[in-house]
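Letter by letter, the chains look like this.
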Amino acid sequence: MYYSSTRGDAEKKTSAEAILEGLAADGGLFVPSEIPQLGLPFVESMLGLSYEERAEKVLSKFLTDYTEQELKDCVNRAYNRGNFDAAAEKRAEVKLPEDAPFPVLELWHGPTSAFKDMALQLLPQLMSTALRKTGVKDRVLILVATSGDTGKAALEGFRDVPQISILVFYPEGGVSRIQYLQMATQEGGNVNATAIRGNFDDAQSGVKEIFSDKAFNEKLAADGIRLSSANSINWGRLVPQIVYYFSAYADLVEKGRIKMGDAVNFSVPTGNFGDILAAYYAKCMGLPVHKLICASNANNVLTEFLTTGTYDRNRPFYKTITPSMDILISSNLERLLYHMTGDKARVKGWMDELARTGRYSVDPETLAKIRDAFAASWTGDDQTKATIHDVFARSHYVLDTHSAVAWHAAEAYREETGDETMTIVVSTASPYKFNASVLDAVGAGTEGLDEFAMQDKLHEVSGLAIPRGLSSLRTKEIRQKDVVDSAEMREAVTAFMKKQD
Ligand SMILES: *Cc1c(COP(=O)(O)O)cnc(C)c1O
């Protein structure tokens, strides 16, 4: 198997090379030369296995240049060194709330309490192994611009990984109190979190400029440093996400909730289209999936695309109570377009049009294929809170805001279509990451409470254990204190790398 760009076949890479490089040279995303068609026997082979063993099986189908032992070591270092919640079955646990119509796949038992841990604990291991395999001797600097969740999950994943350093830029005053504390208390000898005087767009444009600044990159190269990226366009971040769809299915078979071969739907709270695209890969590989429900918030560019075939980012941007889905450019959609059409020239045409005009429309045949696999809807903040309220009242189960959007999309889909196929709601964050919205939704007052008093109150109301990583923020030392102007990001990079020698 090899990897090449969604926009052309000029380069053919091994998976290790694709993971190190992140983005293809022509601006496209790396896609596998084929999706292995494995059918039910592969799903059956997951039964009775640990999450780690299931992960090894899935990864071995795509990362064909990694040895079995390499994958085993990567997976164990990612999930099995005490940084996930204790019980092995909690890597990606399927919960069955009482009296509830949907099982919930909880993906937030990792160190930062967001589903991004599922991939960002493994990507650094795959990257560090890729360095060994390719013989690259440079030091890799991971640069991240974050509006909150990705930054912390990346810092935690890359901390103390040999030969790699990580520098995260976030907008000063532009992340939640919890997210700030999560990043500012980060430990590790190879990490830095720096606040930018500016907003998220300034941070992101600054990082993009650094990536494309030839002279600056040559200067870094002369010092034996190469830049790379940890965001969800990297194949090494996508492939770990395929695992939990198989794992959830196997768990439901083991619990007797479905029979091997029964179809299921997944409802996925979606931003950059990474999580739901991983589910699509699982479906292509043979997981019995009927529909993938793409759940969006008021930034409903994907709802429109998946129903009309027109992608149009020229629209107002809304700040919602589901900030991780406040996105108008869903990068991973490009991979879906390639797999739906198999036509790289056409994909390149659409992406050029998107860059030029902010919109493109796919042909009716492609739209029909997309609609065959995907359903889509969106939920506004009020309805999201009402969903949290209703599910809690009925089942005493607390959803975070993002997961509530997926829950509501599952309800809307069932009502609209009458499809009674078992629908699994994908839950992407602990409710403790969004204390104020969740307390407000369940009708508990938040007036005068600081973040930690709200944690305690949510614990009182729900009985749910507070994740270690979030409760320990109360007493942790602030270590990351750098603040720079957005025009000084290059200098911040240089200063940080001087200290890394
Ligand atoms: C990142 C994130 C999402 C969106 O996932 P994509 O892969 O970008 O679609 C949803 N929920 C939470 C809590 C997230 O952190």
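Higher on the page you've got the structure.
Residues numbered from 1 in each chain as written. Predicted model: local features only at pLDDT ≥ 70, side-chain atom pairs only at ≥ 80, totals over all residues. Heavy atoms only, no water.

So what about the pairing of strand 6 (residues 139-145)? Which residues, and what values?
Among the seven residues that make up strand 6, six are buried, leaving the element largely enclosed by the rest of the structure. Bridge count between strand 6 and strand 9 (residues 225-228): four bridges; the pairing is parallel. Bridge pairing in strand 9 places Val140 opposite Arg226. In this sheet, strand 7 (residues 164-171) lies alongside strand 6 in parallel orientation, the contact comprising six bridges. Pairing of Ile142 across the sheet is with Ile166, part of strand 7. Following the backbone out of strand 6, through helix 7 (residues 149-158) and into the adjacent parallel strand 7, one traces a crossover that is right-handed. (Buried < 20%, exposed > 50% of the residue type's maximum accessible area, 1.4 Å probe, protein only. Helix = DSSP H or I, 4+ residues; strand = E, 2+ residues; numbered from the N terminus. Pairing = 2+ DSSP bridges. Right-handed = clockwise from strand over helix to strand, strands pointing away.)

How would you explain the side chain of Asp117 if you had to name every residue and give the values?
Within the secondary structure layout, Asp117 lies in helix 5 (residues 116-120). No salt bridge is formed by the buried Asp117; the nearest opposite charge belongs to Lys433, separated by 7.3 Å. Looking at Asp117, its side chain comes within polar contact range of the main-chain nitrogen of Thr112, at 2.7 Å. In contact with Asp117, not counting residues within four places along its chain, are Phe84, Gly110, Pro111, Thr112 and Ala153. (Lys, Arg positive; Asp, Glu negative; His and termini not counted. Salt bridge = Lys/Arg side-chain N within 4 Å of Asp/Glu carboxyl O. Polar contact = N/O pair within 3.5 Å; in protein donor to acceptor, adjacent residues only side chain to side chain. Contact = heavy atoms within 4.5 Å.)

For the nonpolar core, give the residues involved together with the corresponding values.
Counting 110 residues, the largest nonpolar core has Leu63, Ile242, Tyr245, Phe246, Phe266, Tyr360 and Phe374 as its most contacted members. Within the second largest apolar cluster, 37 residues are counted, among which are Val104, Val391, Tyr413 and Tyr432. (Core = buried A, V, L, I, M, F, W, Y, C linked by side-chain atoms within 4.5 Å.)

Break down the environment of Ser247 for me, with residues and values.
Inspection of the secondary structure assignment puts Ser247 in helix 11 (residues 235-254). C-alpha separation for the pair Ser247 and Tyr51, spaced 196 residues apart in sequence, amounts to 6.8 Å. Dropping the residues within four chain positions of it, Ser247 is found in contact with Tyr51 and Arg54. At 2.9 Å, the side chain of Ser247 and the side chain of Arg54 are in polar contact.

Before we move on, could you go through the site of the ligand and cite the residues and values that matter?
Near the ligand there are 14 residues, and of these Lys116, Gly271, Asn272, Asp275 and Thr428 occur at the shortest range. Asn272 is positioned with one of its backbone polar atoms (N or O) 2.7 Å from an oxygen atom of the ligand. Considering the ligand on its own, with 390 Å² of exposed area, one finds that the protein chains cover 97% of that surface. (Near = heavy atom within 4 Å. Areas by Shrake-Rupley, 256 points an atom, 1.4 Å probe, with all protein chains shown as cover.)

Help me get a handle on the environment of Leu38, residues and values and all.
Looking at the secondary structure, you find Leu38 in the loop between strand 3 (30-32) and helix 2 (39-44). Sequence separation between Leu38 and Lys61 is 23 residues; the distance between their C-alpha atoms is 9.5 Å. Setting aside residues up to four positions removed in sequence, Leu38 forms contacts with Lys61 and Met285.

So what's going on with the sheet that holds strand 9? Which residues, and what values?
Strand order in the open sheet formed by five strands is 9-6-7-8-16, and the pairing between neighbours is parallel. The outermost strands of the open sheet, each flanked by one partner alone, are strand 9 and strand 16 (483-485). Across this sheet, the average inter-strand angle for adjacent strands is 30°, counted without regard to direction. Of the pairings in the sheet, the one linking strand 8 (residues 191-197) to strand 16 comprises three bridges and is parallel in character. In the strand pairing of strand 16, Arg197 is matched with Asp485. (Axes fitted to C-alpha atoms, helices over the stretch in contact; angles between N-to-C directions.)

Describe the sheet that holds strand 1 (residues 3-5), and please don't skip the residues or the numbers.
Strands sit in the order 2-1-3 across an open sheet of three strands; the sheet is antiparallel. A single partner strand is all that each edge strand has here, and the edge strands are strand 2 (8-13) and strand 3. The sheet shows a mean angle of 40° between the axes of neighbouring strands, taken without regard to direction. Note that strand 1 and strand 2 share two bridges and pair antiparallel. Residue pairing for strand 2: Tyr3 is matched across the bridge by Lys13.

With reference to specific residues and values, describe unusual backbone geometry.
Although it is not a glycine, Ser113 sits at a positive phi angle of roughly 65°. Along the chain, the position of Ser113 falls in the loop between strand 5 (104-106) and helix 5. Judged by relative accessible area, Ser113 falls into the buried class, the value being 1%. Here His396, not a glycine, exhibits a phi torsion of approximately 50°, which is positive.

With reference to specific residues and values, describe helix 12 (residues 274-285).
Under the 1.5 Å per step criterion, the end-to-end length of helix 12 is 17 Å for twelve residues, consistent within 8% with the ideal 16 Å. Within helix 12 the residues assigned to the buried category are Gly274, Asp275, Ile276, Leu277, Ala278, Ala279, Tyr280, Tyr281, Ala282 and Met285. Trailing helix 12 by a residue or two, Gly286 shows a phi angle of about 125°, which is positive. (Expected span 1.5 Å × (residues − 1).)

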